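If you want the building blocks of each chain, they are given just below.
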Amino acid sequence: MQIFITGAGGFIGGSLACGLARDGHRVVGLVRRPEQVGELAALGIEAVLGELDQRDLLIAQAQAADAVINAADSDHRGAVEALLDGLAGSGKTFLHTSGSSIVGDASGGEGSTAVYHEDALPEPTPDKAARVAIDRLVLQAAKRGVRSAVLCNTLIYGHGLGLPRDSVQLPRLVRQARRSGVVRHVGRGLNVWSTVHIEDVLDAYRLALRHTPPGTFYFIENGEAAFRDMSAAIARALGLGEAQDWPLEQAVAEWGYEMANYGLGSNSRVRGERARRLLGWAPKHASVLDWIATEPG
Ligand SMILES: NC(=O)c1ccc[n+]([C@@H]2O[C@H](COP(=O)([O-])OP(=O)(O)OC[C@H]3O[C@@H](n4cnc5c(N)ncnc54)[C@H](OP(=O)(O)O)[C@@H]3O)[C@@H](O)[C@H]2O)c1
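Given the structure is predicted, the values throughout are model-derived calculations rather than measurements.

A. Fine view of the sheet that holds strand β3 (residues 46–49). Taken in spatial order, the seven strands line up as β3-β2-β1-β4-β5-β7-β11 in an open sheet, and their pairing is parallel. Both edges of this open sheet fall to β3 and β11 (216–220), since each of them pairs with a single strand only. Mean inter-strand twist for the sheet, computed between neighbouring axes without regard to direction, equals 20°. In this sheet, β11 lies alongside strand β7 (residues 147–153) in parallel orientation, the contact comprising five bridges. Counted as the bridge partner of Cys 152 is Phe 219 from β11. Contacting β1 (2–6), β2 (26–31), β4 (67–70) and β5 (93–99), helix α1 (residues 11–22) crosses the sheet at an angle of about 165° to β1. Contacts between helix α4 (residues 77–87) and the sheet are confined to β1, β4 and β5, with β5 contributing the most and set at about 165° to the helix.

Set out below in structure tokens:
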């Protein structure tokens, strides 16, 4: 297949691009940094230089491809509209990358017993309404002749298979810890996130490309952990003292509103039943805490 992937120079998109190129697909990847064109060529990926705002470019690339994966930005509505317009009526596959902060509760590091399932998604908070609206647009495209699916990823750990090595959540805790000598979590760190390893994410996309029914929403998860336990594991792995609680305001000053409230300070507990049932997904990596213990940093 010829597969067009946005965000091919990023953590998720780069991992997907490399994995699918290794599988023998022709992968065309959108990047916005000129230096990444040559870097991706060395990995067997054909890079197209451009921005998500370039509607005509996205439409043309979508039409030239057999399948499209959007992995640059879960919140860029214009790009999704362009890609879907390019694919409408074609019956081709469109996989959109979303993130499970859509069920985040911005609890400031407090815990929660709420666990969400794919067939009973809650109404989003105002902060997450725009992301959820994009997910719904993708699912509705099944009625416009697109084999569309939303892969809603949880906290992804593991090293990227493409250009960047780091994911977005745990590496922020590690960088802060390396700089200050103290690992810190938001509030009391009792908040829990579902997790998944990047290699298992790649497998889920591989399977969805082949088998997804149109208009399907998937949570991609295989286990969960409290931030308190993840920060303790990081402290041990880095040889630092006990991880410490951090008031939300200070966490916001370090990591910004979105990351402190949602990425690191909320609960996002979900169960991914559909990838297992509909796609036969069988993730291999079950424990983020084991990974932190063996792969510090
Ligand atoms: N990693 C996770 O655990 C996770 C889980 C669930 C959902 N997500 C979501 O999935 C998306 C991708 O995540 P990621 O971890 O792969 O992030 P990432 O490593 O930052 O990769 C995103 C890539 O897309 C590119 N990009 C972003 N905006 C663009 C634009 N307007 N035009 C062209 N290229 C653009 C970036 O280019 P530059 O490098 O030039 O900025 C980068 O190469 C994000 O929206 C993220 O919130 C991530």
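B. Geometry of the pattern of salt bridges. The final tally for this structure, using the stated rule, is 20 salt bridges. Residue Glu 35 is joined to Arg 33 by a salt bridge in which the shortest nitrogen-to-oxygen separation is 3.7 Å. Exposure remark for Glu 35: the relative accessible area of 44% places this residue in the partly exposed category. Of the residues examined, Arg 33 reaches a relative accessible area of 46% and is grouped as partly exposed. Residue Arg 77 pairs with Glu 81 through a salt bridge whose shortest N-O separation is 2.9 Å.

C. Seen up close, the sheet that holds strand β8 (residues 155–157). With mixed pairing, three strands are arranged side by side in an open sheet as β8-β10-β12. Since the sheet does not close on itself, it has two edges, and those belong to β8 and β12 (224–226), each with one partner. Neighbouring strand axes in the sheet, compared pairwise and without regard to direction, differ in orientation by 45° on average. Where strand β10 (residues 192–197) and β12 come together, three bridges link them in antiparallel fashion. By the bridge assignment, Trp 193 is partnered in β12 with Ala 225. Helix α7 (residues 198–211) rests against β8 and β10 of the sheet, and its axis sits at about 70° to β10. Against the sheet, helix α8 (residues 227–238) contacts β8, β10 and β12, and its axis sits at roughly 80° relative to β12.

D. How the structure looks around the site of the ligand. Around the ligand, the structure places 24 residues, and the nearest of them are Phe 11, Ile 12, Arg 32, Arg 33 and Ser 74. For the ligand, an oxygen atom lies 3.3 Å from a polar atom in the backbone of Gly 10. In the model, a nitrogen atom of the ligand is placed 3.0 Å from a nitrogen or oxygen of the Ser 167 side chain. Here the ligand has 890 Å² of accessible area as a free molecule, and 81% of this is covered by the chains. Of all the secondary-structure elements, those providing two or more residues to the shell around the ligand are α1 and β5. Per element, the largest residue contribution to the shell around the ligand is three residues, and it comes from β5. Considering only residue class, the shell around the ligand consists of seven nonpolar, 12 polar and five charged.

E. Geometry of the packing of aromatic side chains. Under the defined criterion, the tally for this structure stands at three aromatic pairs. On the basis of an interplanar angle of 85° and a centroid distance of 5.0 Å, the ring pair of Phe 217 and Phe 219 is categorised as edge-to-face. Relative accessible area serves as the criterion here: at 0%, Phe 219 is assigned to the buried category. With a centroid separation of 5.3 Å and 75° between ring planes, the pair formed by Trp 246 and Trp 255 is classed as edge-to-face. Judged by its relative accessible area of 10%, Trp 246 falls in the buried class. When the ring centre of Tyr 262 is taken as reference, the NZ or CZ atom of Lys 128 above it lies at 4.8 Å.

F. Unusual backbone geometry, seen in detail. Positive phi values are uncommon outside glycine, yet Ala 106 reaches one of about 45°. Residue position: Ala 106 is located in the loop between β5 and β6 (116–117). Classification of Ala 106 as partly exposed rests on a relative accessible area of 29%.

Definitions and limits used
- Residues numbered from 1 in each chain as written.
- Predicted model: local features only at pLDDT ≥ 70, side-chain atom pairs only at ≥ 80, totals over all residues.
- Heavy atoms only, no water.
- Pairing = 2+ DSSP bridges.
- Helix = DSSP H or I, 4+ residues; strand = E, 2+ residues; numbered from the N terminus.
- Axes fitted to C-alpha atoms, helices over the stretch in contact; angles between N-to-C directions.
- Contact = heavy atoms within 4.5 Å.
- Salt bridge = Lys/Arg side-chain N within 4 Å of Asp/Glu carboxyl O.
- Buried < 20%, exposed > 50% of the residue type's maximum accessible area, 1.4 Å probe, protein only.
- Near = heavy atom within 4 Å.
- Polar contact = N/O pair within 3.5 Å; in protein donor to acceptor, adjacent residues only side chain to side chain.
- Areas by Shrake-Rupley, 256 points an atom, 1.4 Å probe, with all protein chains shown as cover.
- Nonpolar A, V, L, I, M, F, W, Y, C, P; charged D, E, K, R; others polar.
- Phe/Tyr/Trp six-rings, centres within 6.5 Å; stacked < 30°, edge-to-face > 60°.
- Lys NZ or Arg CZ within 6 Å of the ring centre and 35° of its normal.

It is worth stressing that arrangement in space is one thing and function is another; only the former is reported here.
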